[in-house]
Amino acid sequence: MSHRHAMRVVALLVVVWLSLPWSASAQAERRWLADPALLVGQRTVGPGGSRQFLDTIADLYVQNSTSGWALSSTGILRYDGRHWRLYNRTPSTTFLNALDFAQPQEGWLVGSTTSNIGRSTPPIDTIIVNHWDGTQWGSPAPITPKPGSTYDPLRGSLGDVVTIDNRTALAVGYQRDDHSKPIRPLALAFDGTAWRDISDARWTTGRLTGITMVSRTEGWITGSFEQANGSPRPVILHYKDGIWTEASLPAMPADLHWAMASNITMRDASEGWALLEDYRAVCTRTTFLHYTSGRWTIVPPETYGHDPIIAFGMIPGTNKGWATQSGCREGTPSQPNRRLRFDQGTFTLDVGGAQLAPTRYALKSEQIQWGAANGSIMRYSSEVLPTARVANSGRERYFETTGHTLSGAFRRYYESHGLELGDRGISARESLALFGYPLSEPFEEVNPDTGQVLQVQYFERARMEYHPDNPEPYTVLLGRLTVPNLLRRTNNSEPQPGFPAGPVGSDCERFEATGYDLCPPLRSFWNRNGGLPVFGYPITAAREEVSQTDGATYVTQYFERERLEYHPEQRDTPYETLLGLLGAEELRTRGYLPY
């Protein structure tokens, strides 16, 4: 792409930006917004540290507008009315799957912990069931085995829990004494003192995945039972007055092989929805079921555009909610998942707000609606965003192009850094070339690496973070935007760390922290324009990649804080290497900018 062409593209983007109704008054409409994707693993990806991944939110429960809980790969998160913060970190061998509350002072969470990992003996899963008493997550109540059972009551895992009141709760999962025995479906009931095994004697092999109650004595459970040939068949169980009944399901599609029932949502005792999921397919295949008139039927795929529904949530007591449709295509690059608004049986594509779509919903009411997409917690909100244009007060440096100001420590950092374009000192165009225009006002945000609440400001190519406890000149640091960006692009598959084979090239530099080389033509640009403090360590090798801007292929290398592209057609000009618009991409993904 020529410099003249690049300038035309920038001019066009500015015109489009200015034509958009992206102001405080235009943001009254509700739309889905996402927080930064939480990260797990160590900061380095090389031989000295573990790989880093996007976190995964397993479940979340919102009690009201100022309180909520979530479970993730990292541990337990708590919402304080402004931010989701890590409440308790759990070991990597602990898997928290579900939580539920009867009231703010009474709740349960369930999952499992695994031991013997890495040993010659098979791993052992131990049930986790912890109680919230209003002040802390405490020790679980005892589990009473079924009379005559040969299973250890603590061996296995729980996948879902529902709390009815402070004296009653139900949980489901599976039980297995050791790997020489099959998995047995497990249902537990809490009677105020202990958890009792209430599994039906007819359940021999399989697992239970989800539970929902429509009254104190009636509910539905999903899962799968193993067939004679060893493959699972999906089951939906009706539980009423202590009696289990297996529901009759419609014939499964021929391409649904390894299937289980999941994601059951009941409006009341007479109507509900559930998914039959083929969990061994490359792209998840599902069949969407509807319960009405006392039977389960298949929802015609044409009513939601044929692509599989992979998540579904209902606003309690209504026929309204949300569904997420898979964008996965076998044999072709995946498209993003899509959100569908659900209203009285009709599905409508939702195109505003975040590019992400929840894989789990937590809908409390019309006013309180939350979700989670991998490691990003999402909210349905009409809040005014820090990306809304502001008026020029005359007190700070103002950028008319985007309608944002620059002041204080962020302004000092901006004006003291820039790309080397040959100007005297650090010119305005050099700072603009490095950071781009500001896209937001300063605001507080949880850092996805550390969990700290920091003041940040976004620019087209960067996120500045204010660290008041750091000594100068490190009070302002650039955020590590590239890591979540790269993980999203590669479906959470960060390149394997490790040193390249052979010696370091004569013109290259090897970074032991991450195990990657930095070589011409990008090395001179990296060193000349700020090096490690500005760009961070390389986190991939240089490789050819198709640009999302013009579709051409360029040598590209990812660093912790930036993505560099080499443009040979601009050789011997200041535009030979270009920087990625990571700040804009991050905000657009999260719904803070239009797309």
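Provided above is the structure to which this section pertains.
Numbering of residues starts from 1 in every chain and runs along the sequence as written. In keeping with the predicted nature of the model, local features appear solely for residues at pLDDT of at least 70, side-chain atom pairs appear and are counted solely at 80 or more, and the whole-chain, interface and lining totals rest on all residues. By convention in this description, side-chain values take in all heavy atoms of the structure and omit both hydrogens and water.

Draft legend 1. Region of interest: the side chain of E560. The helix and strand labels rest on DSSP assignments: H or I over at least four residues marks a helix, E over at least two residues marks a strand, and numbering proceeds from the N terminus. The topology assignment puts E560 in the loop between β41 (553-558) and β42 (563-566). The exposure class assigned to E560 is buried, which follows from its relative accessible area of 6%. Side-chain atoms alone can form a polar contact between residues adjacent in sequence; in general such a contact is a pair of N or O atoms within 3.5 Å, and within protein one must be able to donate a hydrogen while the other accepts it. Side chain to side chain, E560 and R480 meet in a polar contact 2.7 Å long. The buried label applies to any residue whose accessible area, calculated with a 1.4 Å probe on protein chains only, is under 20% of its type's maximum; exposed applies above 50%, and partly exposed to all values in between.

Draft legend 2. Local environment of the state of the cysteines. Disulfide assignment relies on a single distance test, namely cysteine sulfur atoms paired within 2.5 Å. This model, assessed by the stated rule, comprises 2 disulfides. Covalently, C283 is tied to C328 through a disulfide, its sulfur atoms 1.8 Å apart. Given an S-S torsion of about -60 degrees, the disulfide between C283 and C328 has left-handed geometry. Of this pair, C283 sits in the loop between β22 (271-278) and β23 (285-292) while C328 sits in the loop between β26 (320-325) and β27 (338-343), and the two are 45 residues apart along the sequence. Judged by relative accessible area, C283 falls into the buried class, the value being 5%. C508 shares a disulfide with C519; S-S distance 2.0 Å.

Draft legend 3. Focus on the pairing of strand β19 (residues 232-240). In terms of burial, β19 is largely enclosed, as 7 of its 9 residues are buried. The criterion for strand pairing is that DSSP finds at least two bridges linking the strands in question. Two strands pair when backbone bridges link them, and strand β18 (residues 218-226) and β19 are joined in this way by 9 bridges, in the antiparallel orientation. Residue pairing for β19: T222 is matched across the bridge by I236. Taking the residues that link successive antiparallel strands as the turn, the β18-β19 hairpin has 5 residues, and the phi of G230 there is positive, at about 90 degrees. Across 4 bridges, β19 lies against strand β20 (residues 243-246) in antiparallel orientation. Across the sheet, residue H238 finds its bridge partner in β20, namely T245. Where β19 folds back on β20, the antiparallel hairpin that results is connected by 2 residues, among which D241 adopts a positive phi of roughly 55 degrees.

Draft legend 4. Spatial organisation of the sheet that holds strand β7 (residues 84-89). Spatial ordering of the open sheet is given by β4-β5-β6-β7, a layout of 4 strands whose pairing is antiparallel. Of all the strands in the sheet, just β4 (57-64) and β7 have a single pairing partner and so form its edges. In this sheet, adjacent strand axes meet at a mean angle of 20 degrees when their direction is disregarded. As paired elements, strand β6 (residues 75-79) and β7 share 5 bridges and run antiparallel to each other. Within β7, the residue paired with R78 across the bridge is R85. To get an axis, a line is fitted to the C-alpha atoms, and for a helix only the part in contact is used. The angle between two axes follows their N-to-C directions and goes from 0 to 180 degrees.

Draft legend 5. Spatial organisation of the pattern of salt bridges. In what follows, salt bridge is the name for a side-chain nitrogen of Lys or Arg lying within 4 Å of a carboxyl oxygen of Asp or Glu. The tally for this structure, following the rule as stated, stands at 29 salt bridges. Here R379 and D35 are joined by a salt bridge, their closest N and O atoms 2.9 Å apart. Of this pair, R379 sits in strand β31 (residues 376-381) while D35 sits in the loop between β1 (31-34) and β2 (39-40), and the two are 344 residues apart along the sequence. Among the ionic pairs, R267 bridges to E271, the shortest N-O distance being 2.9 Å. A relative accessible area of 28% means that R267 is categorised as partly exposed. Each of E445, R488, E586 and R590 takes part in a single network of salt bridges with overlapping partners.

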